[in-house]
Amino acid sequence: MPTTRQLLSSAQVARFVAQGFLRLDGIVPRELNEEALDVFAPGLPAVPYGTPVPEAFPEGSFARRLVELPAVAGALESLVGANPTVDHHFVHTREPREGSAQPLHADALIDLRTDAFDVQLMYYPQEVTADMGGTLIVPGSHLRRTNESDTGRYQNLRGQTRLTCPAGTVVLLHHGIWHGGRRNDSDTVRHMYKIRFNPTVPQVRLWDTTDLNDPAVREELGRTFPWYEPATGRLEIHNRIRLWRSLSADPDFDIAYWATRIANRPAQRSNA
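Calculation notes
- Residues numbered from 1 in each chain as written.
- Predicted model: local features only at pLDDT ≥ 70, side-chain atom pairs only at ≥ 80, totals over all residues.
- Heavy atoms only, no water.
- Helix = DSSP H or I, 4+ residues; strand = E, 2+ residues; numbered from the N terminus.
- Pairing = 2+ DSSP bridges.
- Contact = heavy atoms within 4.5 Å.
- Axes fitted to C-alpha atoms, helices over the stretch in contact; angles between N-to-C directions.
- Left-handed = near helix turned anticlockwise from the far one by under 90°.
- Nonpolar A, V, L, I, M, F, W, Y, C, P; charged D, E, K, R; others polar.
- Buried < 20%, exposed > 50% of the residue type's maximum accessible area, 1.4 Å probe, protein only.
- Core = buried A, V, L, I, M, F, W, Y, C linked by side-chain atoms within 4.5 Å.
- Phe/Tyr/Trp six-rings, centres within 6.5 Å; stacked < 30°, edge-to-face > 60°.
- Salt bridge = Lys/Arg side-chain N within 4 Å of Asp/Glu carboxyl O.

Colleague: How should I be thinking about the environment of Gly60 in this particular structure?
Modeller: Within the secondary structure, Gly60 sits in the loop between α3 (53-56) and α4 (62-67). Between the alpha carbons of Gly60 and Asp131 there is a distance of 34 Å; along the sequence they are 71 residues apart.

Encoded structure:
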């Protein structure tokens, strides 16, 4: 990882905790974007699960230079810590006019961790226009446990976003986010490069915490999304509170007293 770090702020990490993803638009230089298309065409060698970054991506390789960009490296360190391992990586390619799309899904098995998460980096070397499809993401869905493509029967959810972005955009996603690659209705091949990172250190205050008490943090964590149900949707905020308590090492953090209320277990007092 580079010595020049650009760590995320508390407000940015809170936005990630609330939405389940963070966009870094156009941060990859043009030269690297142009190189990517040549690198992706023949495919990339597989990486064994859990390989440290320096072993997975040799010095000077395209992937190593991508993850060592200061903005990318700083964001990854802020979310999964220094020296994460590479779970896997893959280039997703959508051919022109292919006429099919991925079902809505979350990656891997049901993950019951409440105090840890993997981060998936999605890199788009080209401009992604609306007719190219892009990646569909359901904001705020990452803490609602589901098993892989159990959500595939849902076609559209209120508030979903379909990524359109400038070339060189990187999106960092919580591993549980509901997403799917949309069909490509353009005449251009679309590439997206994904790397999944596993943390190797506790995910506690890894970012720039100088704004930890900024009102913007609580504002981000209190957001709701259009697809949330009036009642069950409140559980998403409760799950968010639990995660933020762990990440910030603040066991008393709360929103509207929700977590404090249901954790209240006064010790029994003796009548003697």
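Colleague: Sorry, what's going on with the sheet that holds strand β1 (residues 21-24) here?
Modeller: Note on sheets: strands pair through backbone hydrogen bonds, and any given pair is parallel or antiparallel. Taken together, the six strands give an open sheet; going across it, the order is β1-β7-β4-β9-β3-β2, and neighbouring strands pair in antiparallel fashion. Looking at the sheet topology across the chains shown, the edges are occupied by β1 and β2 (51-52). Relative to strand β9 (residues 190-198), strand β3 (residues 85-94) is paired through nine bridges, and the arrangement is antiparallel. Considered in β9, the bridge of His88 is made with Arg196. The sheet strands contacting helix α1 (residues 10-19) are β1, β4 (119-124) and β7 (169-174), and the helix crosses β1 at an angle near 130°.

Colleague: Please clarify how the packing of α1 against helix α7 (residues 233-248) should be interpreted in this entry.
Modeller: Describing two packed helices takes the angle between their axes plus the distance from one axis to the other. Where α1 contacts α7, the two axes come as close as 10 Å, and the packing angle between them is 145°. Relative to α7, α1 is oriented so that their crossing is right-handed. On the side of α1, the interface is formed by Ser10, Val13, Ala14, Val17 and Ala18, while α7 contributes Arg240, Leu243, Trp244 and Leu247. Considered class by class, the residues forming the contact of α1 with α7 number seven nonpolar, one polar and one charged.

Colleague: Please explain the environment of Thr85 as it appears in this structure.
Modeller: For Thr85, the location among the structural elements is in strand β3. Here Thr85 falls in the buried class, since its relative accessible area comes to 13%. In the structure, Thr85 is positioned 33 residues away from Asp118 in sequence and 10.0 Å away in space, judged by C-alpha atoms. If near-sequence neighbours (up to four positions away) are discounted, Thr85 is found in contact with Gly50, Thr51, Pro52, Arg196, Phe197, Asn198 and Thr200.

Colleague: Quick question: what am I supposed to make of the nonpolar core here?
Modeller: Inside soluble globular proteins, nonpolar side chains tend to come together where they are buried. With 50 residues, the main nonpolar core has Phe57, Leu121, Tyr123, Leu172, Tyr193, Phe197 and Trp244 as its most contacted residues. Non-local contacts of Leu121, meaning those with residues more than four positions away in its chain, are made with Leu66, Val72, Leu76, Val170, Val171, Leu172, Tyr193, Lys194, Ile195 and Phe197. With 12 residues, the next largest nonpolar core counts Phe21, Tyr124, Met132 and Ile177 among its residues.

Colleague: Just to check I follow, could you spell out the side chain of Thr135 for this structure?
Modeller: Along the chain, Thr135 falls in strand β5 (residues 135-137). Judged by its relative accessible area of 5%, Thr135 is buried.

Colleague: Is there a simple way to think about the side chain of Glu77 in this case?
Modeller: In this fold, Glu77 is placed in helix α5 (residues 70-80). For Glu77, a relative accessible area of 17% corresponds to the buried category. Non-local contacts of Glu77, meaning those with residues more than four positions away in its chain, are made with Arg5, Leu7, Ala82 and Leu206.

Colleague: Explanation requested: the pairing of β9 in the structure shown.
Modeller: For a regular strand, side-chain orientation follows a simple rule: the groups alternate between the two sheet faces. Of all the nine residues making up β9, nine are buried; the element is thus mostly covered by neighbouring parts of the structure. Of the two faces of β9, the one lined by Arg190, Met192, Lys194, Arg196 and Asn198 and the one lined by His191, Tyr193, Ile195 and Phe197 are each fully buried.

Colleague: Would you mind going over the sheet that holds strand β8 (residues 179-181) with me for this structure?
Modeller: Taken together, the three strands give an open sheet; going across it, the order is β6-β5-β8, and neighbouring strands pair in antiparallel fashion. Of all the strands in the sheet, the pair left with one neighbour each is β6 (161-162) and β8. Bridge count for β5 against β6 is two bridges, and the pairing is antiparallel. Considered in β6, the bridge of Ile137 is made with Thr161.

Colleague: Explain the packing of aromatic side chains to me, please; I cannot follow it from the model alone.
Modeller: A complete count under the given rule lists nine aromatic pairs for this structure. Between Phe40 and Tyr123, the aromatic rings sit 6.4 Å apart at their centres with planes inclined by 75°, giving edge-to-face as the arrangement. You can see Phe40 sitting in helix α2 (residues 30-40) and its partner Tyr123 sitting in strand β4, a full 83 residues away along the chain. Taking the relative accessible area as the measure of exposure, Tyr123 reaches 0% and is therefore buried. Each residue in the set Phe40, Phe62, Tyr123 and Tyr193 is aromatic and connected to the rest through ring pairs, giving one cluster.

Colleague: Can you walk me through the pattern of salt bridges in this structure?
Modeller: When the charged atoms of two side chains lie near each other, side chains of opposite charge can form a pair. Within this structure, the stated rule accounts for 15 salt bridges. Between Arg144 and Glu229 there is a salt bridge whose closest N-O contact spans 2.9 Å. In this pair, Arg144 sits in the loop between β5 and β6 while Glu229 sits in the loop between α6 (215-221) and α7, placing the two residues 85 residues apart along the sequence. The class of Arg144 is buried, set by a relative accessible area of 17%. Among the salt bridges present, the one from Arg223 reaches Glu220, with a minimum N-O distance of 2.9 Å. The partly exposed category is assigned to Arg223, whose relative accessible area is 33%. The structure contains a network of salt bridges with shared partners spanning Asp111, Arg113, Asp118 and Arg196.

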